Amino acid sequence: MKQEVPQLSFVRRFHVVGIAITVVILILIYYSALITGVDVNAFFENADQFGVVLNQMKHPDWPYLTKIAGTLAQTLQMAIIGTTIGAIIALPFSFLAARNIVRNPIGRLIIRLILSLIRTLPTLLLAALFVAIFGIGPMTGVITLAFFSFGMIAKLFYDFIETIDMGPVRALQATGATMLQTIRIAVIPQISGQFMSDFMYTLEINVRSSTVLGYLGAGGIGLYLQQTLDQFDYPRTAVIILAIFAVVLVIDAISNYVRKRLQ
Amino acid sequence: MNKTKTTALERFKWIVVALLVIFIYLWSINGIPFTGIQKSASSVSMAILKGIIHPEWSYVYNGSGEDLVSQLVITLAIAFLGTIISAFLSVPLAFLAAQTTKKFFHPRSTIGKVILTAIRAFPEVVLAILFIKMVGPGSFAGVLAIGVHSVGMLGKLFSEAIEEMDRSAETAIIAAGGSKIQTFRIATLPTILPALMSYTLYRFEISVRSASILGLVGAGGIGTPMMFALQTRDWSKTGIILLGIVLMVIVIDTCSSTIRKRLG
């Protein structure tokens, strides 16, 4: 009787897949380093530059805080209004994109395609584009954030609408209710908590990204960031970064609290 | 909360919240000067639309190294290198930040978490500007910016993976008398490696987006020609660049999520 000794295949015995992946990654690293002009020498030669900058940042110019308080508030205001506008517009679109509400697959596909196109564009890129259209100022920031929030909230939201309990919806449809009546009575009560939660989450992201929008001229604290960095005024840059850090932390905390209460 | 009986206090609370929200909105609307839409807005947006519909196809590839494909490749290279750097940097920080005991206060973990939060607080654009001061404008500054910025997010995700990991393999190796290094190499690393790879890929998707905007501040990649096209109001070029970015992001997202699904 011939006894079969279990043998690993060649591929598994010599870890061919793992080695192949490693080699591919190493080649990619090599060419990426070549393309991006990685210069390790320059990095270490100038490493003290970074230290110098950090050193200057160690002594923040605190009185400057009073000067930037206004624009910091404006950054928050931009985020609040932008997120709200985006959320309001997103609401009808998320219903149109939800599979269990609208049964027309072609219309749904088109709306989803538009939404994913909007989400593909980074916020700063949108800001650069809208500065060209609407000019410099906080209006542009609001529109940019509204645009981004629209894509984001609509997506989060149609995903959620598709998971709701369809029992009340079918019951209402059986009694002959119109589409709007069904949504108002059977759908909205089920989703309002999640909607607020998604809204807060987007607001949180927007506060973070609105801090740099001003760099491109879209209003808010970013403008001061640009000025102080251009003038190598690092003690002031430090104040701005610390202020942004504090505001983002506070907003994070509030939004986490509100989200927990809503769920 | 009792839903059948609402006390006077609860009703009052509702009103307070409503007033607070109204106040916040009034404050916000007051703070934004609604300058209205610029006179040129409609003509400019029409021009942009026209540019997007009629992109400058000759810009896609012309072999000069300044064309769309080469710039997109540079953008991908920045994102790739930055993600690799941060994946390596964030592993030790993640082990520092992971809370492995149930104690209420955990000084080592708290220090690690504070470091990671502080790194996340610096927007990548700010980091890019700082690195430009250090190594000069160009892609290298972009790589460093993404490499440092991503540590904040990857470290957080990694440390959560470490907190949740199955420790039975570790216990087995320790029981068999394995040293700390052996335990790490044979039990800890193989257990969490799939999760680390999956998160790194996910971060790569985000880094591609970040890398495409770093050029706006001079840190290389597709953002630089995009900014230039916007400033010179070259809308057909803007159109093709936008098209290129959208396409690149969609392709990368699809590839990466397919691989991530297979990693589990």
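Reading the values: the criteria
Residues numbered from 1 in each chain as written. Chains lettered and ligands numbered in written order. Predicted model: local features only at pLDDT ≥ 70, side-chain atom pairs only at ≥ 80, totals over all residues. Heavy atoms only, no water. Helix = DSSP H or I, 4+ residues; strand = E, 2+ residues; numbered from the N terminus. Rg over C-alpha atoms; globule rule 2.2 N^0.38 Å. Buried < 20%, exposed > 50% of the residue type's maximum accessible area, 1.4 Å probe, protein only. Contact = heavy atoms within 4.5 Å. Areas by Shrake-Rupley, 256 points an atom, 1.4 Å probe, with all protein chains shown as cover. Lys, Arg positive; Asp, Glu negative; His and termini not counted. Charge placed at Lys NZ, Arg CZ, Asp CG, Glu CD. Axes fitted to C-alpha atoms, helices over the stretch in contact; angles between N-to-C directions. Left-handed = near helix turned anticlockwise from the far one by under 90°. Nonpolar A, V, L, I, M, F, W, Y, C, P; charged D, E, K, R; others polar. Core = buried A, V, L, I, M, F, W, Y, C linked by side-chain atoms within 4.5 Å. Buried area = accessible area lost by both parts, 1.4 Å probe. Salt bridge = Lys/Arg side-chain N within 4 Å of Asp/Glu carboxyl O. Polar contact = N/O pair within 3.5 Å; in protein donor to acceptor, adjacent residues only side chain to side chain. UniProt positions renumbered as here; feature names shortened; annotations may be inferred. Patch = residues over 30% accessible without salt bridge, like charges linked within 9 Å, V, L, I, M, F, W, Y side chains within 5 Å. pLDDT = per-residue confidence, 0-100.

Student: Help me understand the overall build of chain B, please; the structure alone is not making it clear to me.
Tutor: Counting its regular elements, chain B contains 10 helices and zero strands. For chain B, the succession of helices and strands along the chain, N to C, is α-α-α-α-α-α-α-α-α-α. Rg of the C-alpha trace for chain B: 25 Å, well past the compact-globule value of 18 Å for 264 residues, more than 25% over. Here chain B holds 264 residues, and the buried ones make up 43% of them. Relative to all contacts within chain B whose residues are 6 or more apart in sequence, the contacts with residues 24 or more apart total 72%. Summed over all atoms, the accessible surface of chain B reaches about 14300 Å², with 70% contributed by carbon and sulfur. The averaged location of the 13 negative side-chain charges in chain B is 9 Å from the averaged location of its 23 positive side-chain charges.

Student: Sorry if this is basic, but what is going on with the overall build of chain A here?
Tutor: A tally of regular secondary structure across chain A gives 12 helices and zero strands. Put simply, chain A runs from its N terminus to its C terminus through helices and strands in the order α-α-α-α-α-α-α-α-α-α-α-α. For chain A, whose C-alpha radius of gyration is 26 Å, the value lies well above the compact-globule estimate of 18 Å for 263 residues. For chain A, the spread of C-alpha atoms along the principal axes amounts to about 85 × 75 × 35 Å. Counting every position in chain A, which comprises 263 residues, the buried fraction comes to 46%. Taking contacts inside chain A between residues at least 6 apart in sequence as the whole, the part at least 24 apart equals 76%. One finds the centroid of the 18 positive side-chain charges in chain A at a distance of 14 Å from the centroid of its 13 negative side-chain charges.

Student: Looking at this model, I keep getting lost on the packing of helix 4 (residues 107-121) of chain B against helix 6 (residues 139-164) of chain B. Mind explaining?
Tutor: Helix-helix packing: each pair is described by the crossing angle between the helix axes and the interaxial distance. All names here are of chain B. Between helix 4 and helix 6, the shortest axis-to-axis distance is 7 Å and the interhelical angle comes to 145 degrees. Both helix 4 and helix 6 take part in a crossing whose hand is left-handed. Of the residues in helix 6, those touching helix 4 at Lys113, Leu116, Ile119 and Arg120 are Val148, His149, Val151, Gly152, Met153, Gly155, Lys156 and Glu163. By residue class, the composition of the contact of helix 4 with helix 6 is five nonpolar, three polar and four charged.

Student: Explanation requested: the nonpolar core in the structure shown.
Tutor: Where a protein is soluble and globular, its nonpolar side chains tend to be buried together. Counting 98 residues, the largest nonpolar core has A:Ile68, A:Leu124, A:Leu125, A:Ile240, B:Leu216 and B:Ile241 as the members making the most contacts within it. If you tally residues by element for this core, the top one is helix 7 (residues 123-134) of chain A, at 11 residues. Each residue touching A:Ile240, except ones within four places of it in the same chain, is listed here: A:Tyr64, A:Ile68, A:Ile221, A:Tyr224, A:Leu225 and A:Thr228. Counting residues in each nonpolar core, the second largest holds 27 residues, with A:Ala90, A:Ile101, A:Phe150 and A:Ala186 among its members.

Student: Looking at this model, I keep getting lost on the interface of chain B and chain A. Mind explaining?
Tutor: The extent of an interface is frequently quoted as the accessible surface area lost upon association of the parts. Across the contact, 57 residues belong to chain B and 54 residues belong to chain A. Surface buried jointly by chain B and chain A totals about 4900 Å² across both partners, of which 83% is contributed by carbon and sulfur atoms. For chain B, the biggest contributors to the area lost against chain A are B:Lys133, B:Met134 and B:Phe140; these three give 13% of the whole. One can count zero salt bridges joining chain B with chain A. At the surface where chain B touches chain A, the tally comes to four residue pairs in polar contact (both at pLDDT 80 or more).

Student: Sorry, what's going on with the UniProt feature "transmembrane region" (unreviewed entry) in chain B here?
Tutor: If you check UniProt for "transmembrane region" (unreviewed entry), the listed places come out as residues 12-29, 72-98, 206-228 and 240-259 of chain B in our numbering. Taken as a whole, residues 240-259 of chain B contains 100% helix and 0% strand, while its terminal C-alpha atoms sit 29 Å from one another.

Student: Would you mind going over a nonpolar patch on the surface with me for this structure?
Tutor: Together, A:Ile19, A:Val23, A:Ile27, A:Tyr30, A:Tyr31, A:Leu34, A:Ile35, B:Tyr61, B:Val69 and B:Val73 line one region of the surface with nonpolar side chains, adding up to about 960 Å² of accessible area. The set of elements that each furnish at least two residues to the nonpolar patch consists of helix 2 (16-35) of chain A together with helix 3 (68-97) of chain B. The element best represented in the nonpolar patch is helix 2 of chain A, accounting for seven residues. Structurally, the position occupied by B:Val73 is in helix 3. Assessed through its relative accessible area of 36%, B:Val73 is described here as partly exposed.

Student: Please explain the confidence of the model for chain A as it appears in this structure.
Tutor: Low-pLDDT portions of the prediction should not be read for the details of their coordinates. Scored by pLDDT, chain A comes out at a mean of 84, with 99% of its residues at no less than 70. At the level of individual helices and strands, chain A shows its lowest average pLDDT in helix 4 (residues 47-57) of chain A, which scores 73, and its highest in helix 8 (residues 138-161) of chain A, which scores 90.

Student: Can you help me understand the pattern of salt bridges in this one?
Tutor: Two side chains carrying opposite charge are able to pair once their charged atoms lie near each other. Counted according to the given criterion, the structure contains 11 salt bridges over all chains. One salt bridge in this structure joins B:Glu124 and B:Arg203, with 3.9 Å as the shortest N-O distance. Here the residue B:Glu124 occupies a position in helix 5 (residues 124-135), and B:Arg203 occupies one in helix 8 (residues 180-214), the gap between them amounting to 79 residues. Owing to a relative accessible area of 3%, B:Arg203 belongs among the buried residues under this scheme. Among the ionic pairs, B:Glu205 bridges to B:Arg260, the shortest N-O distance being 2.7 Å. Here B:Glu205 is found in helix 8, whereas its partner B:Arg260 is found in helix 10 (residues 235-263), with 55 residues between them in sequence. The partly exposed category is assigned to B:Arg260, whose relative accessible area is 22%. The network of salt bridges with common partners includes A:Asp61, A:Asp233 and A:Arg236.

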